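Residue-level structure breakdown
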Amino acid sequence: MAQTYDHQAVESKWQSHWEQAGLFQVKEELTTPKYYCLEMFPYPSGRIHMGHVRVYAIGDVVARYKTMRGFHVLHPMGWDAFGLPAENAAIEKGVHPNVWTQENVAYMKQQLRRMGLSYDWDREVNTSQPDYYRWSQWIFLKMVERGLAYRKRSAVNWCPSCETVLANEQVLAQEGKDGGVCWRCESIVIQKELEQWFFRITEYAQELLDGCDRLTSWPARVLAMQRHWIGRSEGVEIDFPVVDVREALTAIRIFTTRPDTIHGATFMSLAPESPLVEQLIAGRPEADAVRQFVERVSRLDKATRTAADREKEGVFTGAYAINPFTQEHIPIWVANFVLYEYGTGAIMAVPAHDQRDFEFAKQYTIPIRLVIQSPEGTLVPDALEAAYEAQAEAGVLVNSGTFSGQSVSDGKQSIGEHVETQGWGKRTVNFRLRDWGMARQRYWGTPIPMLYCDECGIVSVPEDQLPVLLPEDVPFTGKGGSPLKDSASFAKVTCPTCGGAARRESDTMDTFVDSSWYFLRYCSPKDTQQPVNPDAVKHWMAVDQYVGGIEHAVLHLLYARFFTKVLRDLGLTTVDEPFVHLLTQGMVTKETYWCEEHRWVLPSDTKKVDGERLCTQCEKVIVTGRTEKMSKSKKNIASPEELCDRYGADTARLFSLFAAPPEKDLEWSDTGVEGCSRFLNRVWRLVQEQRFVFEEVQSTSGSAATTLLVDVHRATHQTIQKVTHDLDRDFQFNTAIAALMEFVNQLYKLMKDAPLEGLSADERAGWRSAIECLLLLLGPFAPHIAEELWEMTGHAASIARQPWPVFNPDLVVSNEWTIPIQVNGKLRSRITVQAGTTKDQIIAIAQGDDKLQEWLQDKTARKVIYVEQKLVNFVI
RNA sequence: GCGAGAGUGGCGGAAUGGCAGACGCGCAAGACUUAGGAUCUUGUGGGUAACCGUGGGGGUUCAAGUCCCCCCUCUCGCACCA
């Protein structure tokens, strides 16, 4: 008998079987409930990695499980196929981005097939192909119509040497340089103002925030991150009149969440980018110094400038404003830490009660006035070492005119009201969330379907002219702006309005646009008339279970929510939120090895000598580094392909589900993989040894409920119960698989204790049902081996289409109970009684237990705690 | 600084307030073998023992890894948002 099964043969056999039978194609049905299971689609980078194995294994178990539970399951897959790496490949290797991408898609698709994933490939979506991106363009046009897409000037990272726009991720920090450098040429990156396209996501800020409260099946930390990202804060906008007015700037409006501290505002700060600065300094002696400061600050890239630990710096404008509450003249400064995009780009500075203002005031010797006294009343203005920012505590307003004596919260309220009644400003809400700058000066993305006409200005491409195709004749040099600018065939166009000469928009869309609605496209992927078929969307949406990496906690998941609301308002869907349940799986990590001579080294370049790990090249001792996310640079990669070759897809799947709970990081372990492989071989042999119970035989004896039968039944039904429970409750795959392992161990043990010869008909039936349940429960996790054994045991129809087994509560319970006996909460003994023994009987038996005499002695228990079938505790 | 999460054997990890350490890895002994890094069986938290054990200290409870309070450490995310 074969000791191990041939996973290669079995797996490829079933992969083609499933495919030929179209087993995983799904249609809208009305007879069974729908379930939409979705994993985040991959970027076709070339090869799948262990992170993919993990996320797709998780999704596949969910899809297969729900199918067996009687749902018709939509489980689609596609490609997030636009993006920078394709363009870099074009620059570096001269291969066209489309060719590179399509080759990668083909290769990775074959890799995914080898994993035995239950996708409906008929619904495959590829965002880089015109049949998809024309609808991204269509949606864009609708958003233009509704004012949800618009142009405005905005700063971008610009590499003067490459003459190109850089994404934030392409700007690298470098030691000793004040500001970031280009990832390719290491030139200092500057900020450049460009007209750009934006999505007005801020229009939905409040709804996106409110929606978080209803996403009760999302991980708390994802919701926390989204709430923080949206960042709602309530405050007051207040006008501070300018003294000695120039250039018609009569007042400066500030935003504050702490109106209660306004009597302590001893200066004011403007953002360096604010146009007010120039109006304010015109003709003043300070003008040059201010301009120099602004120039210096605005050269820095954003990440550097806004680093929290950056020193507070500023310059006095020479101008003064009037604090409307105190009538004092306070100096107006320009400060590096004030953000132009937030609030009004101007703040009142209250050094006593804001740490940033405090540091600034100390540096430039500006008065610090205490206007909130702590409950203890111990704060002394001149002795403050840090700002007193506490607001929740019962601080009291002081030095605040008629408002003195009020609590902080009363002060906020009454000062806010006073501002409004005096006409000095208004109470308002501010969000941290900014509009989404979605234009990229890149080739490999969805072209933005807009034109610039000298006569008509900005013109939309008419709907019937979509898609705006990406031109093929584009040189990839890595220089200049968008490569599309260099395509004559693309750029030149006639204006659809006036027929005159016009120029096409050469920017493309951020790839996050493509992935913001792909889950809707899966519902009707081949529709040529509209982006989505509203009926299909109505049937399938929302996604019942979404699975993906935590790295998308904010951007993708927020954008997808935004798009869903936009498309709802366009009448294309009726759901408010796209994803009901969200599972964010952890990273796949592995130990790293460090050789002081050869830096990071592959495990295969090390050897163990006398318990010490040495570098095979230089014999130096290897330091075992931290366990980190798998990465090429750290050389701690495990290859899915090698894994499938050596152990098979079932083992790969099983290990990635077993080694850790899905939401936690998974530490890769080669020996752990072997353990899973061993388990599958144990299953294989177990079924081989028991195959005869599936053969028709005459019954050899009566049908009494033998001990063996009871034990087999109990093990079976306990396992069904446990696995079902673990899957229903937050998909605890690791404990579900542990239960299956335990079940197999039990069956081996039972087999050993009771030889299989001479089984009664009932016992054979019991074994048969045990094996069947084992295979059914294993099916979602290790589908190939389950399918093969299912067939071998005489079943014609695919195991993937069988109903999930149901446990019988009567068979789960044991006929005897083992009850732990405690004295004062400490375990002292254990008794075994017949099931159904009453409380009083059990207590009596326990009291008579030999082992307990030492502890009970002659004392009477003060109290006896009895927990049904669980324990007895004597309190003495 | 703000937010989230986590600290349990040699390791990954289990435990609706009710037998701490399921399951797996590793390790040890044995079996089968010419041999095995295959497979099978048994054992495996610490301690000679009484006992002690879930980061530390308090508390609630008949009973705490689990609930409450304080503290420590680590990881991740955000980070000058007025």
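This text gives an overview of the structure that appears in the document. The structure displayed is predicted, hence computed values, not measured ones.

Let us look at helix H17 (residues 555-569). In an α-helix, one turn spans 3.6 residues, which is why side chains three or four residues apart end up on the same side. Its 15 residues give H17 an end-to-end C-alpha distance of 21 Å, which sits within 8% of 21 Å, the value for a rise of 1.5 Å per residue. Of all the 15 residues making up H17, 13 are buried; the element is thus mostly covered by neighbouring parts of the structure.

Take the side chain of Asp120 next. Positionally, Asp120 belongs in the loop between helix H4 (97-114) and strand E4 (125-126). Judged by its relative accessible area of 2%, Asp120 falls in the buried class. For Asp120, the side chain forms a polar contact with the main-chain nitrogen of Val26, separated by 3.1 Å. Other than its neighbours up to four places away in sequence, Asp120 contacts Phe24, Gln25, Val26 and His75.

By convention here, two paired aromatic rings are described through the distance between centres and the angle between planes. What the rule picks out here adds up to 42 aromatic pairs. With a centroid separation of 3.5 Å and an interplanar angle of 5°, the aromatic rings of Trp436 and Tyr559 are classed as stacked. Here the residue Trp436 occupies a position in strand E19 (residues 436-437), and Tyr559 occupies one in helix H17, the gap between them amounting to 123 residues. No difference in accessibility class separates Trp436 from Tyr559, as the two residues are buried. Aromatic side chains Phe655 and Trp668 sit 4.8 Å apart centroid to centroid with 75° between the ring planes, which places their arrangement in the edge-to-face category. Of the two residues, Phe655 sits in helix H19 (residues 649-658) while Trp668 sits in the loop between strand E33 (666-667) and helix H20 (670-690), which places them 13 residues apart along the sequence. Note on accessibility: Phe655 and Trp668 belong to one class, buried. Within the aromatic cluster, the residues linked to one another by ring pairs are Phe140, Trp197, Phe199, Tyr204, Trp436, Phe512, Tyr559, Phe562 and Phe563. Over the face of the ring belonging to Tyr107 we find Arg47, whose NZ or CZ atom lies 4.0 Å from the ring centre.

A full pass over the atoms with the stated rule returns 40 salt bridges. Between Lys565 and Glu207 there is a salt bridge, with the nearest N and O atoms lying 3.2 Å from each other. On the criterion of sequence distance, the pair formed by Lys565 in helix H17 and Glu207 in helix H6 (residues 205-214) is long-range, its members being 358 residues apart. Judged by relative accessible area, Glu207 falls into the partly exposed class, the value being 24%. Here Arg291 makes a salt bridge to Glu278, at a shortest N to O gap of 2.7 Å. Separated by 13 residues along the polypeptide, Arg291 in helix H9 (residues 287-299) and Glu278 in helix H8 (residues 275-281) bring together distant segments of the chain. Among the residues examined, Glu278 registers a relative accessible area of 39% and is labelled partly exposed. One salt-bridge network, in which partners are shared between bridges, spans Glu207, Arg561, Lys565, Arg568, Asp569, Asp576 and Glu577.

Definitions and limits used
- Residues numbered from 1 in each chain as written.
- Chains lettered and ligands numbered in written order.
- Predicted model: local features only at pLDDT ≥ 70, side-chain atom pairs only at ≥ 80, totals over all residues.
- Heavy atoms only, no water.
- Helix = DSSP H or I, 4+ residues; strand = E, 2+ residues; numbered from the N terminus.
- Expected span 1.5 Å × (residues − 1).
- Buried < 20%, exposed > 50% of the residue type's maximum accessible area, 1.4 Å probe, protein only.
- Polar contact = N/O pair within 3.5 Å; in protein donor to acceptor, adjacent residues only side chain to side chain.
- Contact = heavy atoms within 4.5 Å.
- Phe/Tyr/Trp six-rings, centres within 6.5 Å; stacked < 30°, edge-to-face > 60°.
- Lys NZ or Arg CZ within 6 Å of the ring centre and 35° of its normal.
- Salt bridge = Lys/Arg side-chain N within 4 Å of Asp/Glu carboxyl O.

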